[in-house]
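Each chain, letter by letter, is given below.
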Amino acid sequence: MSSTTILSVEGVGKTFGGFRALNDVTVKIGEKSIHALIGPNGAGKSTLINVISGRLTPTCGRVIFRGESIGGRPAHETARRGVARSFQITSIFGSASVFENVQIALLAQNGLCTRMFSESRSLLRDEAFSFLESVKLVEQANRVAGELAAGDRKRLEFAIALAGNPRVMLLDEPTAGMSPDERTIIANIIQSINQERGVAVFFTEHDIDMVFSIANRVTVLHQGSCIADDTPVAVRMDRRVQEVYLGEDENADLY
Ligand SMILES: Nc1ncnc2c1ncn2[C@@H]1O[C@H](COP(=O)(O)OP(=O)(O)OP(=O)(O)O)[C@@H](O)[C@H]1O
Ligand SMILES: [Mg+2]
């Protein structure tokens, strides 16, 4: 992992009413790293992703991206600065093709209105295909996006997010509900996005095997607090982490 930090979470806390969902969380995301955020259900993982992406305002602490404070900024502004999160299903134009969805995202990124899109289908064509190539969707380019299977739709969301030219991608459970084969495909795509485009990826994931196969840094949350933040090998060996996982569920063994 690069030693340069591209995004840091500094002493972030988040309370919902009287409930403390995040407690003094500090995480440094390295440039071009694949950084996993793990922890049992309710640990605060999605809350942290939402604080970083701007969907939630932290109760205290700061989020710094490339030297600037982004905590509490509107989500679209954070995305424009270069911190993307995989889009929700609703952001896909279901009646447009897979290719057109990426093309529209590229037009928006380049400040071109979507009216031009109908007038010039060839606009940014090569760029759109390069993003489809990165997520292995070229063969499905002409399919209607609304008819994609869940795993393919997730890949289209990645391509749309990539079209915004992010430096960091935030992925909350990118393999949720997928089969083992689909998970492997997503893991490979995350690796290639990271390696080919140099995008740092910060992701939450319950599939521990996938985490340890692709991450080069792992942060562990438990009841809103960070209990480990280290290399995958060191986190696997950490007694506290093992207790949290073994204590919760025998099947969640880290080995
Ligand atoms: N908007 C909210 N209002 C009140 N409580 C919330 C809200 N969002 C999250 N919480 C609570 O904060 C805690 C952390 O939730 P969060 O969704 O961040 O956990 P998580 O680690 O993502 O869990 P999972 O692995 O199940 O996705 C939970 O106890 C949850 O009930
Ligand atoms: Mg969650």
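The structure this text deals with has already been given above.
Residues numbered from 1 in each chain as written. Chains lettered and ligands numbered in written order. Predicted model: local features only at pLDDT ≥ 70, side-chain atom pairs only at ≥ 80, totals over all residues. Heavy atoms only, no water.

Caption draft 1: Spatial organisation of the sheet that holds strand β6 (residues 83-85). Taken together, the 6 strands give an open sheet; going across it, the order is β6-β7-β8-β3-β9-β10, and neighbouring strands pair in mixed fashion. On the outer flanks of this sheet lie β6 and β10 (225-230), each paired with one strand and no other. The sheet shows a mean angle of 20° between the axes of neighbouring strands, taken without regard to direction. Pairing of strand β7 (residues 168-172) with strand β8 (residues 200-204) involves 5 bridges; the strand directions are parallel. When the sheet's bridge partners are listed, Val 168 is paired in β8 with Ala 200. The strands touched by helix α1 (residues 45-53) are β3 (34-38), β6, β7, β8 and β9 (217-222); relative to β7, the strand with the most contacts, the crossing angle is about 150°. (Pairing = 2+ DSSP bridges. Helix = DSSP H or I, 4+ residues; strand = E, 2+ residues; numbered from the N terminus. Axes fitted to C-alpha atoms, helices over the stretch in contact; angles between N-to-C directions. Contact = heavy atoms within 4.5 Å.)

Caption draft 2: Highlighting the environment of Glu 133. Of note, Glu 133 is situated in helix α5 (residues 125-134). For Glu 133 and Ala 159, which are 26 residues apart along the polypeptide, the C-alpha to C-alpha distance reads 8.9 Å.

Caption draft 3: How the structure looks around the sheet that holds strand β2 (residues 19-30). An order of β2-β1-β4-β5 is seen for the 4 strands of this open sheet, with the pairing classed as antiparallel. Among the strands making up the open sheet, the edge pair consists of β2 and β5 (68-69).

Caption draft 4: Examining unusual backbone geometry more closely. The backbone phi angle of Lys 136 is positive, close to 60°, even though this residue is not glycine. Within the secondary structure, Lys 136 is located in the loop between α5 and α6 (150-163). Given the relative accessible area of 46%, Lys 136 is considered partly exposed. Of note in this structure, Asn 165 is not a glycine but carries a positive phi near 55°. Mapping Asn 165 onto the fold places it in the loop between α6 and β7. (Buried < 20%, exposed > 50% of the residue type's maximum accessible area, 1.4 Å probe, protein only.)

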